[in-house]
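Residue strings, one per chain:
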Amino acid sequence: MKYTRVPAWAGITAAVLAATTACGSVAAQKTADAVSHADTIMAALTRASDKTEALGSAEVETTTRLTATGGKPVSMDGTYSWGDGAALDVQMDTRAAQMQTLQDDPKLTVKMVDGAYYYEIDPQPSGPLQGKHWMRVDVSAVMGEAGADNVADNADPTAGLRYIGASKKVKDLGEETMLGKKTHHYRGTVGAAEINASKMTAAEKKAAVKALGANGGTMTCDVWVDGEDLPVRMFQRGGGMEVTMDFLKFGATKPVKAPPAADTGDLTEQVREQRDQSLGQ
């Protein structure tokens, strides 16, 4: 079995999650009295953030492009849940996930629940995955303790709404039709200065700044909000990645549950060791 393939896949999953959650560490400013143009934008984004946070889950389609892998699109479609802890249940292309050595099916099911990733695999003839249909890896083994805490504390995939709210460069790009719906388009950009001036913890600030990339990078987020104050699409660019997230349905999704422990092989320590080696720890 080629365990060296596991961290590569785990890194792709982590990058997708990081892009949809890293910005959530920045709190939105509440704008009860929207008297200026900037305040009006902030009020609209706050309404959308509050409403989506309350709904707790959504059926989502995402496409991620990573500079490190040549910009080839990687899609993840399924359920994101943030109402009772961070969770997701998605499908993606097995080859794009670099998991074809462990899964023959062209589609791969991935879950994140209770602080761990679960990958559906074909039962292996030997090793820790012998006879198992699922592989488990702690989120912390992939993203580090600070990154795992950031995901757990900021699981709302609409965190980019709050991220835009923290930006000092918010633009109102007007009305547009997106996915067949009439929407309003907003864009915000944030850098290390805004992050460091926020109320994030020191660990969260460090992780967020790292996500921006080297040389003082920035993250730009676009959001299209419909007439019901719900996001229809979000697009994030920065830190060596681009992520498009389409919201198909909010709320009333099935709870994400971990696979049976008896049918799961744990590779957390193997992945943690390889991550530490790659970081020189």
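Residues numbered from 1 in each chain as written. Predicted model: local features only at pLDDT ≥ 70, side-chain atom pairs only at ≥ 80, totals over all residues. Heavy atoms only, no water.

**Let's talk about the overall build of the protein chain**
Within the protein chain one finds seven helices and twelve strands. Within the protein chain, the fraction of its 281 residues that count as buried is 51%. A separation of at least 24 residues holds for 59% of the contacts in the protein chain among residues at least 6 apart in sequence. Here the protein chain has roughly 13,100 Å² of accessible surface; of this, 49% comes from carbon and sulfur atoms. (Helix = DSSP H or I, 4+ residues; strand = E, 2+ residues; numbered from the N terminus. Buried < 20%, exposed > 50% of the residue type's maximum accessible area, 1.4 Å probe, protein only. Contact = heavy atoms within 4.5 Å. Areas by Shrake-Rupley, 256 points an atom, 1.4 Å probe, with all protein chains shown as cover.)

**Observations concerning the pattern of salt bridges**
Taken as a whole, this structure holds eight salt bridges when the rule is applied. Salt-bridge contacts for Asp 229 lead to Arg 47; the nearest nitrogen and oxygen are separated by 3.5 Å. One end of the pair, Asp 229, is in the loop between β9 (218-226) and β10 (231-238); the other, Arg 47, is in helix α2 (residues 37-55), and 182 residues separate them in sequence. For Asp 266, the salt bridge identified is with Arg 136, shortest N-O distance 2.9 Å. Of this pair, Asp 266 sits in strand β12 (residues 264-266) while Arg 136 sits in strand β6 (residues 134-138), and the two are 130 residues apart along the sequence. Connected through salt bridges with shared partners, the residues Arg 136, Asp 138, Asp 266, Glu 269 and Arg 272 form a single ionic network. (Salt bridge = Lys/Arg side-chain N within 4 Å of Asp/Glu carboxyl O.)

**A look at the nonpolar core**
By size, the foremost hydrophobic cluster in this structure holds 43 residues, and its most contacted members are Met 99 and Met 135. Of all hydrophobic cores here, the second largest spans six residues; its members include Val 113, Tyr 118, Trp 134 and Val 256. (Core = buried A, V, L, I, M, F, W, Y, C linked by side-chain atoms within 4.5 Å.)

**Focus on the environment of Ala 48**
Mapped onto the elements, Ala 48 comes out in helix α2. Under the relative-accessibility criterion, Ala 48 is labelled buried at 0%. Discounting chain neighbours no more than four positions away, the residues touching Ala 48 are Leu 161, Val 225 and Asp 229.

**With respect to the pairing of strand β11 (residues 241-250)**
With nine bridges connecting them, strand β1 (residues 57-66) and β11 associate as antiparallel partners. When the bridges of β11 are listed, Glu 61 appears paired with Asp 246. Note that β10 and β11 share six bridges and pair antiparallel. Following the sheet pairing, Met 234 is matched in β11 by Met 245. (Pairing = 2+ DSSP bridges.)

**Some words on the environment of Ala 261**
By the secondary structure assignment, Ala 261 is in the loop between β11 and β12. It is 8.9 Å that separates the C-alpha atoms of Ala 261 and Trp 134, two residues lying 127 residues apart in sequence.

**Thoughts on the packing of aromatic side chains**
Under the criterion given, the structure shown has two aromatic pairs. Between Tyr 117 and Tyr 119, the aromatic rings sit 6.2 Å apart at their centres with planes inclined by 20°, giving stacked as the arrangement. Neither Tyr 117 nor Tyr 119 differs from the other in exposure class; each is buried. Where Phe 247 meets Phe 250, the ring centres are 5.3 Å apart and the plane angle is 15°; that geometry is what we call stacked. Phe 247 sits in the buried class, given a relative accessible area of 4%. Assessed through its relative accessible area of 17%, Phe 250 is described here as buried. (Phe/Tyr/Trp six-rings, centres within 6.5 Å; stacked < 30°, edge-to-face > 60°.)

**Some details on the sheet that holds strand β4 (residues 107-113)**
Each strand in a sheet pairs with another by means of backbone hydrogen bonds, the pair being arranged parallel or else antiparallel. An order of β7-β8-β9-β10-β11-β1-β2-β3-β4-β5-β6-β12 is seen for the twelve strands of this open sheet, with the pairing classed as mixed. The open sheet has two edge strands, β7 (171-178) and β12, and neither has a second partner. Across this sheet, the average inter-strand angle for adjacent strands is 20°, counted without regard to direction. Across four bridges, the pairing between β4 and strand β5 (residues 116-120) is antiparallel. Bridged to Lys 111 within β5 is Tyr 118. (Axes fitted to C-alpha atoms, helices over the stretch in contact; angles between N-to-C directions.)

**A short note on the confidence of the model for the protein chain**
Mean pLDDT for the protein chain: 77, with 70% of residues reaching 70 or above. Confidence drops under pLDDT 50 across residues 1-5; counting only partners more than four residues distant or on other chains, this segment forms 14 contacts. Note that residues 20-35 has pLDDT below 50 and, in this model, 47 contacts with residues that lie over four places away or in other chains. (pLDDT = per-residue confidence, 0-100.)

**Some words on the environment of Thr 183**
Tracing the backbone through its elements, the reader meets Thr 183 in strand β8 (residues 181-191). For Thr 183, a relative accessible area of 4% corresponds to the buried category. Between the alpha carbons of Thr 183 and Val 225 there is a distance of 5.0 Å; along the sequence they are 42 residues apart. Among residues more than four places away in sequence, those in contact with Thr 183 are Gly 174, Glu 175, Glu 176, Met 178, Trp 224, Val 225, Asp 226 and Val 232. At 2.7 Å, the side chain of Thr 183 forms a polar contact with the backbone oxygen of Glu 176. (Polar contact = N/O pair within 3.5 Å; in protein donor to acceptor, adjacent residues only side chain to side chain.)

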